[in-house]
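Understanding the architecture of this molecule
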Amino acid sequence: MDPECARLLPALCAVLADPRQPVADDTCLEKLLDWFKAVTEAGSSLLLLQEHPCLVELLFHVLKPQDLSSRILSFALRLAGIFAAQENCFQFLQQGELLPGLFGEPGPLGAAAWAAPSVRSGWIQGLHSLAQHPSALRFLADSGAVDTIFSLQGDPSLFVASAAGQLLVRVLDLALRGPAEGRVCPQAWDWPACARKVVCHLEDCLRSEATPRVTQALHVLTTTFGHCRGLWTQGLWARLSPLVARLLEKDPVPAPHALVDLLLGVARSPVLSSDPGLWETAAQALSRLSPTQAGPLAAGILKLQDCPQALRIQAFSILLQPLAHVLEATAQAPGTPRLLEGAAGDLMAVDTFPPSRSACVGLLCSALAHLELLQPLPQRPSPWPQAPLLAAVVTILRFCNGSAAPSSEAGGRLCAMLVGCVRVQRAALDFLGVLSQGLGPQELVTQVFAILLEYLVSPDSSPTVLKKAFQATLRWLLSSATPPGCCDLEPYAQLVLGELLAVLQKRLCSPCWEVRDSGLEFLTQMTRHWGGQGSFRQALLGSEVPELTRQLLQDPESYVRASAVAAVGQLSSWGLLTAPSSPEHPAVPQTPLEELLLVLTTDSEGFPRRAVMRVFTEWLRDGYADVAEDPEQSVAPVLRAASRDLDWEVRVQGLELALVFLEQLLGPRGPSTAAPPGALTQALQALCRVQLFEFAFRSLFDCDRPVAQKSCDLLLFLKAKATPSGSQQEVGDGPNVASVEAALRRWQAGEQGQPLGELAPEAVLAVLRSMDLEALRDTLAESSDHVERSPQSLLQDMLATVGVLGDNEADCY
């Protein structure tokens, strides 16, 4: 322990033990416990207590009858557990009857303080910390603590109840881990008494008619099999699995969600997954649980690497049933493939959906979400029913917008429940986008684009549904490229393109800013992928979309202006942005570069200005024509504006732009040789002309650490390019080296007013080589409060709150 902390510790213990002193806040106590835990993990707890007897005195003082804060009592319980985690320290505390006093009946268990949830939680956490060795196991058995843990499983505080269940898992692991070592599987009669007691309690809970007790037992077992990998888990599962299977015989099945979690936890355990009885229980659960309850179990089974094929078929049919019912409820065209046929089809009963709208919607959304996650996995069912799934999702979307043709009374009820349901629309559009990764017959692909266009055109589509429709449309357009990955659209997609641009033109004029924003994002992505494709260029230039995009740079909503900036950047990169419609006004900017520079210098919100900096950086990196023609002339005003911006992210983006400019002058980043002297001199002169160095040097002392870190990276890159490997080239001091260094010292002290003025390349090199940028980079990598987070600072703060320290000793951070 640090000597200064050792000096402060007795005073702190006295403050904590004094009920008249103001109690430290929970955050300070948590930090104090973290510190003690780190100290004990690094050394001997026994030695710590012997060298600092004030800690033992604090624990004994807690036992005295007094009006002690529940937070301090909870803190003491947890602290005692941390010390007792080491067996020799446990025995030391046991000799003084301290542990029975804290964790037995004479302590908080029998006092009024037990009514506070924080005390019960501290008692559990203290026992969890000390349950690390055989002595602790005997203590738990002899002190009656196990019975108290059983009762706390039903505690009204969810945090206490959950912690009690986790402590039971810890007790089981501690009790059975030793006997199981080196043996195939310990028999029940070989288990320690403490373990047998816990297992008997779990058996009683599983036999109980009270669902909460069943749920408690299932949660404990789920945690046990999820975190413990010992051979003893085989014996535990063999003993309790018949009781778990018997739960499925009850009507209704108790705690179905907890039961599903347990079965999946056992199936994922490498020790237990080879048990044939597990798969029989899982199959029984799939058949006994309702489709909504069985869905997570079916999805979990299908994600397993090794699983009986019959069970996989059964699980897949569970997920497909809701979608199959949708297809059965509508008049499908002859030849439309069914979702469930053969053996899987026999498992499906096409009854009705749940009678309530909420249950029906929940079942459909759950099935769609599970299938969406399953589709990209390598272990997904094969063959994957791509065509029937496409037909089902399109049908669901038609039910939701009222255009489906029900074929039965059940279909009519389904239509009434789904029409206008935004939640199902969002789930179906997400899954439809994922299905674009597979192939499908042309007539179904045509239906996909048709339903997407319906949603994009419909005035009833909500902003979130429209956004997802745009995203799904983009994914299907990308999948329709011929061949996949090229920039040419499939002929049918080219026909759809004209309708899409008409829809987009309408949506960019929407009164809802979320719709305008989604439309601009869709335009940006389309242009990024097909800006060089002839049919796309022709269709786009024949529409009003480019002009509308330009106008949205003045949108009242900052998010829309930022998206408009990104769209203008993409359109300009491909030469798709037409000239302004009012060229007779010379004050109106004539080029996209000037337009975006105006946004950077005048927009009051940070989002559009950050977007401008990203566009400029992309233009410079990709060689956009207007920038490539004269990079220095293009970069200079942008860097000047970014250096003065109040938004730190804009300043970081400005430094990133400067770094790209520097790479183009001197070569890429990474380990490389220094730049040739001629190229270095020309580059430094260009950097001086664009006033990069004043921006970079000033940013080194920026109050926002990311800005300083980016500046440090930039100057380190330049320093590496300017210094040959293995040498420190001497450069004569320029006439203004002293003034530059003086200005840097003033900036570091917080006086940022005086500019550097004109710089000579020699002065820049001299200053760079004199600066320890590597040390500065290491300093900047540290947390901004690395000093204030020290244990010494914590102790000083806690003592200062009660006036124990003088004014000059307190850390006022």
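Residues numbered from 1 in each chain as written. Predicted model: local features only at pLDDT ≥ 70, side-chain atom pairs only at ≥ 80, totals over all residues. Heavy atoms only, no water.

What to know about the overall build of the protein
Going by this rule: Under the scheme used here, helices are H or I runs from DSSP no shorter than 4 residues and strands are E runs no shorter than 2 residues, and both carry numbers assigned from the N terminus. The classification of residues rests on relative accessible area computed with a 1.4 Å probe and restricted to protein chains. Under 20% of the type maximum is buried, over 50% is exposed, and intermediate values are partly exposed. In this description, contact between two residues means that some pair of their heavy atoms is separated by no more than 4.5 Å. Shrake-Rupley sampling with a 1.4 Å probe provides the accessible areas, and residues are treated as covered by the protein chains on show and by no other component.
Scanning the protein from terminus to terminus reveals 42 helices and zero strands. Evaluated residue by residue, the protein yields a buried proportion of 52% over its 813 residues. For the protein, restricting intrachain contacts to residue pairs at least 6 apart in sequence, the fraction spanning at least 24 positions comes to 72%. Here the protein has roughly 35,900 Å² of accessible surface; of this, 54% comes from carbon and sulfur atoms.

Some points on the confidence of the model for the protein
Put simply, the test is: Known as pLDDT, the predictor's per-residue confidence is scaled from 0 to 100.
In the predicted model, the protein carries a mean pLDDT of 85, and the fraction of residues at 70 or more is 85%. Across residues 342–350 the pLDDT falls below 50, and counting only partners more than four positions away or on other chains, this stretch makes 12 contacts in the model. Note that residues 725–735 has pLDDT below 50 and, in this model, eight contacts with residues that lie over four places away or in other chains.

Brief notes about the packing of aromatic side chains
Selection rule: Note on aromatic contacts: the rings of Phe and Tyr and the six-membered ring of Trp form a pair at centre separations within 6.5 Å, being stacked when their planes are under 30 degrees apart, edge-to-face when over 60 apart, and tilted otherwise. Distance and angle both matter: a charge sits over a ring if NZ of Lys or CZ of Arg is within 6 Å of the ring centre and within 35 degrees of the ring normal.
Tallied over the entire structure, the rule returns 12 aromatic pairs. Both rings, one in F90 and one in F139, keep their centres 5.9 Å apart while their planes meet at 80 degrees; by these two values the pair is edge-to-face. Within this pair, whereas F90 is found in helix α6 (residues 87–95), its partner F139 is found in helix α9 (residues 134–143), the two being separated by 49 residues in sequence. With a relative accessible area of 3%, F90 lands in the buried category. Geometrically, the ring pair formed by F225 and W237 is edge-to-face, given 5.8 Å between the ring centres and 90 degrees between the ring planes. Placement of the pair is F225 in helix α13 (residues 211–227) and W237 in helix α14 (residues 232–247), with a sequence separation of 12 residues. Three or more aromatic residues joined by ring pairs form one cluster here, namely W35, F36 and F83. Over the ring of F607 we find R610, and its NZ or CZ is 5.1 Å from the ring centre.

Let's talk about unusual backbone geometry
Put simply, D251 and P252 share a cis peptide bond, and its omega is 0 degrees. Within the element layout of this structure, P252 appears in the loop between α14 and α15 (256–268). Not every positive phi belongs to a glycine, and A255 is a case in point at roughly 45 degrees. Note that A255 resides in the loop between α14 and α15.

With respect to the packing of helix α20 (residues 357–374) against helix α22 (residues 409–418)
Between two packed helices, what matters for the description is the angle formed by their axes and the separation of those axes. Selection rule: Lines fitted to C-alpha atoms define the axes here, with helix axes fitted over just the stretch in contact, and angles between the N-to-C directions of these axes take values from 0 to 180 degrees. Note on terminology: angles under 35 degrees are roughly parallel, angles over 145 are roughly antiparallel, angles of 65 to 115 are roughly perpendicular, and the others are oblique. Side-chain classes are defined by residue name, with Ala, Val, Leu, Ile, Met, Phe, Trp, Tyr, Cys and Pro counting as nonpolar, Asp, Glu, Lys and Arg as charged, and the others, Gly among them, as polar.
Between α20 and α22, the least distance of the axes is 10 Å, while the angle of their chain directions is 85 degrees. Taken together, α20 and α22 sit at an angle that is classed as roughly perpendicular. Contacts from R357, C360, V361 and L364 of α20 reach α22 at L414, M417 and L418. Taken together, the residues that form the contact of α20 with α22 break down as six nonpolar, no polar and one charged.

With respect to the pattern of salt bridges
Inclusion rule: Any carboxyl oxygen of Asp or Glu within 4 Å of a side-chain nitrogen of Lys or Arg constitutes a salt bridge here.
One pass over the full model with this rule turns up 29 salt bridges. For E30, the salt bridge identified is with R78, shortest N-O distance 2.6 Å. With a gap of 48 residues between them, E30 in helix α2 (residues 26–42) and R78 in helix α5 (residues 70–83) connect regions that are remote in the sequence. What makes E30 partly exposed here is its relative accessible area of 34%.

As for the environment of P706
Considering the arrangement of structural elements, one finds P706 in helix α38 (residues 705–722). Residues P706 and L780, spaced 74 residues apart in sequence, show a C-alpha to C-alpha distance of 8.6 Å.

Overview of the environment of A324
Note that A324 resides in helix α18 (residues 309–328). Along the primary structure A324 and L339 are separated by 15 residues, whereas in three dimensions their C-alpha atoms are 5.5 Å apart.

Quick word on the nonpolar core
The test is simple: Nonpolar cores were defined as sets of buried Ala, Val, Leu, Ile, Met, Phe, Trp, Tyr and Cys residues, with membership established by side-chain atoms within 4.5 Å.
Counting 278 residues, the largest nonpolar core has L32, F83, F103, W123, L323 and M526 as the members making the most contacts within it. Ignoring anything within four residues of it in the chain, the contact list for F83 reads F36, T40, S45, L48, L49, L55, L59, C89 and L93.

A look at α2
Keep this limit in mind: Here a helix's expected span is defined as the number of its residues, less one, multiplied by 1.5 Å. An arc is given here, and it is the one of the directions from the helix axis to the C-beta atoms.
Helix length check: α2 (17 residues) gives 24 Å between terminal C-alpha atoms against 24 Å at 1.5 Å per residue, within 8%. C28, L29, L32, L33, W35, F36, V39 and T40 are the residues of α2 that are buried. The arc that holds the buried residues of α2, viewed along the axis, is 160 degrees, so those residues lie on one side. When the buried face of α2 is taken as reference, the exposed residues oriented beyond 90 degrees from it are D34, E41 and A42.

A look at the side chain of D647
Along the chain, D647 turns up in the loop between α34 (631–644) and α35 (648–666). For D647, a relative accessible area of 11% translates into the label buried. Not counting the four nearest positions on each side in its chain, D647 is found in contact with G606, R609 and R610.

Some points on the environment of L478
Within the fold, L478 resides in helix α25 (residues 463–479). Relative accessible area serves as the criterion here: at 33%, L478 is assigned to the partly exposed category. Note: C-alpha distance between L478 and M526 (48 residues apart in sequence) is 9.1 Å. For L478, the residues in contact, after removing those within four places along its chain, are H529 and W530.

Thoughts on the packing of α38 against helix α40 (residues 761–770)
α40 packs onto α38 with a crossing angle of 110 degrees between their chain directions and a minimal axis gap of 10 Å. Between α38 and α40, the crossing angle belongs to the class labelled roughly perpendicular. Residues L715, L718, K719 and A722 of α38 touch α40, and the partners they reach there are L765, L768 and R769. Its residues placed into classes, the contact of α38 with α40 shows five nonpolar, no polar and two charged.

Here's the deal with the side chain of S699
Counted only if it meets this: Definition of a polar contact: a pair of N or O atoms within 3.5 Å, with one able to donate and the other able to accept a hydrogen when the atoms are protein atoms, and with sequence-neighbouring residues admitted only if both atoms are side-chain atoms.
Position of S699 among the secondary structure elements: in helix α37 (residues 692–699). A distance of 2.7 Å separates the side chain of S699 from the backbone oxygen of F695, its partner in a polar contact. If we ignore the near neighbours within four places in the chain, the residues touching S699 are L655, V707, A708 and S711.

A short note on the state of the cysteines
As a reminder, the rule being used: A pair of cysteine sulfur atoms is labelled a disulfide when the two atoms are within 2.5 Å.
Evaluated as defined, the whole model comprises zero disulfides. Looking at the unpaired C415, the closest cysteine sulfur is the one in C400, lying at 9.0 Å. C415 sits in the buried class, given a relative accessible area of 16%. The closest cysteine sulfur to the non-disulfide-bonded C421 is located on C400, 5.9 Å from its own sulfur. Of the residues examined, C421 reaches a relative accessible area of 6% and is grouped as buried.

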